[in-house]
Amino acid sequence: MILALAGGVGGAKLAHGLVRILSPDGLVIAVNTGDDFEHLGLHISPDLDSVMYKLAGLNDTERGWGLADESWHFMEALARLEGETWFNLGDRDLATHVERTRRLAAGETLSHITAALCGALGIEHRIVPMTDSAVHTMVTTEAGTIPFQDYFVRLRCEPVVTGFSFAGAESARPTPAFTAALKSADLSAIVICPSNPYVSIDPILSLADVAAALEGRRVPLVAVSPIIGGGAIKGPAAKMMAELGLQPSAASIASHYGRRLDGLVIDQTDGALAPKIEAMGIPTHVAQTIMKSADDERTLAQEVLTFAASLNVRSK
Ligand code: FO1
């Protein structure tokens, strides 16, 4: 069994590749919920939805978030009422948030709701939230500390970043299905998807039980670099690195995860960095990591699994 840790778009793509190779019993996808927030009275879980829509084949490929064939009558009507319109909720997408919010208010856990929504959309593989508790990614910037969606959508990632924190992570526990996957005797590798390390993966790693389970693992932990040729395919990862005083590169991804990793997959564009990363004590595999098609996703997923299977777990 493979455990994948995923955030938004890049995570969803590799997860989709893994789904095409592994049976529903053979994969658990644990998804960041640090991006979750309350908006217009609704509980929005952007990363869970990105992965869910992608695996259901319903995602919008152009925008990278939300549903394909979307309409925006709700937003138009809200604008006419001079309501809050900085965060766009498509008419079809709205149904997900309304249904999730209704079920949460009725006392169901986010885990249970996610399983139900995925089942209703015909997804057989397990998408599990990292936690059922509230964890909120906060972005520390030169303009103050800002909740993630305000920073990302309302302020378009413009404020200069100086750090990140995860409010609520101290007391949050991983969900039962995530915990079971971490402890499973059938677990054969853990894959960190090519998601933003600071705001998609670190919230997951900030849960003490997750960090402890990774520390004590007996299976390889492999990451795929989201930085290719000094930039991110999508999103602010490279901008964040530059603002944190780091060179945006696959080598900086290697030092970010550091010796927690047993291996790193980097893009062929960055092949020249492999010796530098290997010299940091991290076995490195060079592959085509840009996923433009479903075949690219599947090929990369297969390469990651083969690479992971070839690795020894570092002795702690
Ligand atoms: N991202 C935007 O840049 N603008 C939006 O208006 C927006 C709306 C939105 C609605 C639902 C949803 O599930 C995601 C949405 N996103 C939007 C994406 C989201 O804010 C980020 O992509 C993730 O949180 C980062 O992984």
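Here the structure is shown first, and the text comes after it.
Because the structure is predicted, anything quoted here is derived from the model rather than measured.

## Focus on the pattern of salt bridges
Taken as a whole, this structure holds 11 salt bridges when the rule is applied. For the salt bridge of E108 with R103, the shortest nitrogen-to-oxygen distance reads 3.0 Å. For R103, a relative accessible area of 17% translates into the label buried. Among the ionic pairs, D150 bridges to R154, the shortest N-O distance being 2.6 Å. One end of the pair is D150 and the other is R154, both in helix α6 (residues 148-154) and four residues apart, which spans about a single turn. By relative accessible area, which is 17% here, D150 ends up buried. When its relative accessible area of 39% is taken as the criterion, R154 is described as partly exposed. Ionic contacts of the salt-bridge type, sharing partners, join the residues E99, R102, R103 and E108 into one network.

## Comments concerning the sheet that holds strand β7 (residues 144-147)
Spatially, the three strands line up as an open sheet ordered β7-β6-β8, and their pairing is antiparallel. If you trace the sheet from one side to the other, it starts and ends with β7 and β8 (161-167), each paired once. Put simply, the sheet's adjacent strands are angled 25 degrees from each other on average, direction ignored.

## Things to note about helix α5 (residues 110-120)
Turning to α5, its buried residues are L110, S111, I113, T114, L117 and C118. Projected onto a plane normal to the axis of α5, the buried residues spread over an arc of 165 degrees and lie on a single side. Those residues of α5 that are buried lie in contact with β4 (42-44), α2 (46-55), α4 (91-105), β5 (126-129) and α7 (176-183). With its phi angle positive at about 80 degrees, G122 sits one or two positions after the end of α5.

## Remarks on α7
Taken as a whole, α7 has its buried residues at F178, A181 and L182. End-on view of α7: buried residues confined to an arc of 100 degrees, all on one side of the axis. Exposed side chains of α7 directed beyond 90 degrees from the buried face belong to P176 and K183. Along its buried surface, α7 packs onto β1 (2-6), β2 (27-31), β5, α8 (197-205) and α9 (208-215).

## Considering the packing of α2 against α4
Their axes nearest at 12 Å, the elements α2 and α4 cross at an angle of 125 degrees. Judged by the inter-axis angle, α2 sits oblique to α4. Both α2 and α4 take part in a crossing whose hand is right-handed. On α4, the residues that touch L48, D49, M52 and Y53 of α2 are D93, T96, H97 and R100. In terms of residue class, the contact of α2 with α4 is built from three nonpolar, two polar and three charged.

## Observations concerning the site of the ligand
Taken together, the neighbourhood of the ligand is formed by D35, P46, D47, W65, F87, N88, L89, D93, F148, Q149, F152 and V153. Within the contact set of the ligand, an oxygen atom lies 2.8 Å away from a side-chain nitrogen or oxygen of N88. Q149 is positioned such that a nitrogen or oxygen atom in its side chain is 2.7 Å from an oxygen atom of the ligand. Across the complex, the protein chains shield 87% of the 540 Å² of accessible surface that the ligand would expose by itself. For the shell around the ligand, the secondary structure elements donating two or more residues are α2 and α6. Broken down by element, the residue count for the shell around the ligand peaks at four residues, all from α6. A breakdown of the residues in the shell around the ligand according to their chemical character gives seven nonpolar, two polar and three charged.

The rules behind these values
- Residues numbered from 1 in each chain as written.
- Predicted model: local features only at pLDDT ≥ 70, side-chain atom pairs only at ≥ 80, totals over all residues.
- Heavy atoms only, no water.
- Salt bridge = Lys/Arg side-chain N within 4 Å of Asp/Glu carboxyl O.
- Buried < 20%, exposed > 50% of the residue type's maximum accessible area, 1.4 Å probe, protein only.
- Helix = DSSP H or I, 4+ residues; strand = E, 2+ residues; numbered from the N terminus.
- Pairing = 2+ DSSP bridges.
- Axes fitted to C-alpha atoms, helices over the stretch in contact; angles between N-to-C directions.
- Arc of directions from axis to C-beta.
- Contact = heavy atoms within 4.5 Å.
- Parallel < 35°, antiparallel > 145°, perpendicular 65-115°, else oblique.
- Left-handed = near helix turned anticlockwise from the far one by under 90°.
- Nonpolar A, V, L, I, M, F, W, Y, C, P; charged D, E, K, R; others polar.
- Near = heavy atom within 4 Å.
- Polar contact = N/O pair within 3.5 Å; in protein donor to acceptor, adjacent residues only side chain to side chain.
- Areas by Shrake-Rupley, 256 points an atom, 1.4 Å probe, with all protein chains shown as cover.

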